[in-house]
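An overview of the molecular structure
Each chain, written out:
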Amino acid sequence: KAGVTQTPRYLIKTRGQQVTLSCSPISGHRSVSWYQQTPGQGLQFLFEYFSETQRNKGNFPGRFSGRQFSNSRSEMNVSTLELGDSALYLCASSQDRTNTEAFFGQGTRLTVV
Amino acid sequence: KQEVTQIPAALSVPEGENLVLNCSFTDSAIYNLQWFRQDPGKGLTSLLLIQSSQREQTSGRLNASLDKSSGRSTLYIAASQPGDSATYLCAVSSRTGNQFYFGTGTSLTVIP
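The structure presented is a predicted model; accordingly, all values stated were derived computationally and were not measured. (Residues numbered from 1 in each chain as written. Chains lettered and ligands numbered in written order. Predicted model: local features only at pLDDT ≥ 70, side-chain atom pairs only at ≥ 80, totals over all residues. Heavy atoms only, no water.)

Let us now look at the interface of chain A and chain B. Contact with chain A, which involves 22 residues of that partner, is made by 20 residues of chain B. Together, the buried faces of chain A and chain B total about 1800 Å²; carbon and sulfur atoms form 47% of this surface. In this assembly, chain A and chain B are joined by 0 salt bridges. Put simply, chain A and chain B have 4 residue pairs in polar contact (both at pLDDT 80 or more) between them. Of all elements in the fold, only strand 4 (31-38), strand 5 (42-50) and strand 9 (87-94) of chain A reach the threshold of two or more residues within the side of chain A that touches chain B. (Contact = heavy atoms within 4.5 Å. Buried area = accessible area lost by both parts, 1.4 Å probe. Salt bridge = Lys/Arg side-chain N within 4 Å of Asp/Glu carboxyl O. Polar contact = N/O pair within 3.5 Å; in protein donor to acceptor, adjacent residues only side chain to side chain. Helix = DSSP H or I, 4+ residues; strand = E, 2+ residues; numbered from the N terminus.)

Moving on, we get to the environment of Phe50 of chain A. All names here are of chain A. Along the chain, the position of Phe50 falls in strand 5. The spatial distance from the C-alpha of Phe50 to the C-alpha of Ser24 is 13 Å, given a sequence separation of 26 residues. Apart from residues no more than four positions distant in its own chain, Phe50 is found in contact with Arg30, Ser31, Arg55, Gln68, Asp96 and Arg97.

Moving on: the packing of aromatic side chains. Inspection of the entire model under this criterion finds 10 aromatic pairs over all chains. Here Tyr35 of chain A and Phe45 of chain A contribute two aromatic rings whose centre-to-centre distance is 5.6 Å and whose plane-to-plane angle is 65°, an arrangement assigned as edge-to-face. Here the residue Tyr35 of chain A occupies a position in strand 4, and Phe45 of chain A occupies one in strand 5, the gap between them amounting to 10 residues. Across this residue pair, the class does not change: Tyr35 of chain A and Phe45 of chain A are buried. The interplanar angle of 50° and the centroid separation of 6.3 Å between the aromatic rings of Phe100 of chain B and Phe102 of chain B together place this pair among those described as tilted. When its relative accessible area of 4% is taken as the criterion, Phe100 of chain B is described as buried. (Phe/Tyr/Trp six-rings, centres within 6.5 Å; stacked < 30°, edge-to-face > 60°. Buried < 20%, exposed > 50% of the residue type's maximum accessible area, 1.4 Å probe, protein only.)

Turning to the nonpolar core, a few remarks are in order. Residues Phe25, Leu33, Trp35, Leu75, Ile77, Tyr88 and Leu108 of chain B are the most contacted members of the largest nonpolar core, which totals 23 residues. Membership of the second largest hydrophobic core comes to 21 residues, among which are Trp34, Phe64, Val78 and Val112 of chain A. (Core = buried A, V, L, I, M, F, W, Y, C linked by side-chain atoms within 4.5 Å.)

Most peptide bonds take the trans form, and the phi angle of most residues other than glycine is negative. Residue Pro8 of chain A is bonded to the preceding Thr7 of chain A through a cis peptide linkage, with omega at -10°. Within the secondary structure, Pro8 of chain A is located in the loop between strand 1 (5-7) and strand 2 (10-13). Going from Ile7 of chain B to Pro8 of chain B, the amide bond is cis rather than trans, its omega being 0°. Within the secondary structure, Pro8 of chain B sits in the loop between strand 1 (4-7) and strand 2 (10-14). Positive phi, close to 80°, is recorded for Ser72 of chain A, a residue that is not glycine. Relative to the helices and strands, Ser72 of chain A is located in the loop between strand 7 (64-68) and strand 8 (74-78). Residues other than glycine seldom take positive phi values, yet Thr80 of chain A does so here, at roughly 45°.

With that out of the way, let us pick up the state of the cysteines. One covalent bond between the sulfur atoms of two cysteine residues makes up a disulfide. Residues and elements named next belong to chain B. Following the criterion strictly, the structure yields 2 disulfides over all chains and no others. Two residues, Cys23 and Cys90, share a disulfide whose sulfurs are 2.0 Å apart. Looking along the S-S bond of the Cys23-Cys90 disulfide, the torsion reads about -50°, which is the left-handed sense. Placement of Cys23 in strand 3 (residues 19-25) and of Cys90 in strand 9 (residues 86-93) is noted, with a sequence separation of 67 residues between them. On the basis of relative accessible area, Cys23 is assigned to the buried category, the value being 3%. (Disulfide = S-S within 2.5 Å.)

These figures come from the coordinates and say nothing about function on their own.
Following this line, the structure appears as structure tokens:
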């Protein structure tokens, strides 16, 4: 059974650009959550999607957005990149919203220069 | 807002030693608690999930306990091995869905 797949693994972008990250959850899982991990702030929740709808949102500016497709794959987009957006972005897959076990992908390492 | 704390921040032990990692959280109204390990530059690997109605879970050399009333969980690792060296993260999920609050982790080094 394939795990959670995140693409790309690494990205280097310039300030002011935008970026799109992709996450394919485990087959049959319908909930996808996104997290940002930095050395200073640790792991912080960005948002959760279930059945193509955003269900929860963390305390991040509107430059961070996401969506989920009918096959449960999810994308997150960051516009007008800032140096502080450099981080490891992690996607978590869960079967549904009754708080079953979360499985994480390997992450996308975003560097903003 | 839920706050999760992990103590100690770093731990170094000789191979073969048994050890305990601690996690505390401020709001006892949680759904689940999950322990993860993270190797440098990698994603998170799920170790154990404790549902809110459970008191403990075991997997191999790992045992995790949960005391919701006191807002505490412990992860016990028996007979530690160098391959156990990693950062261990504790996360509690909210009642409103799959949103986890993470601790800052315990960095474990097992010395051969």
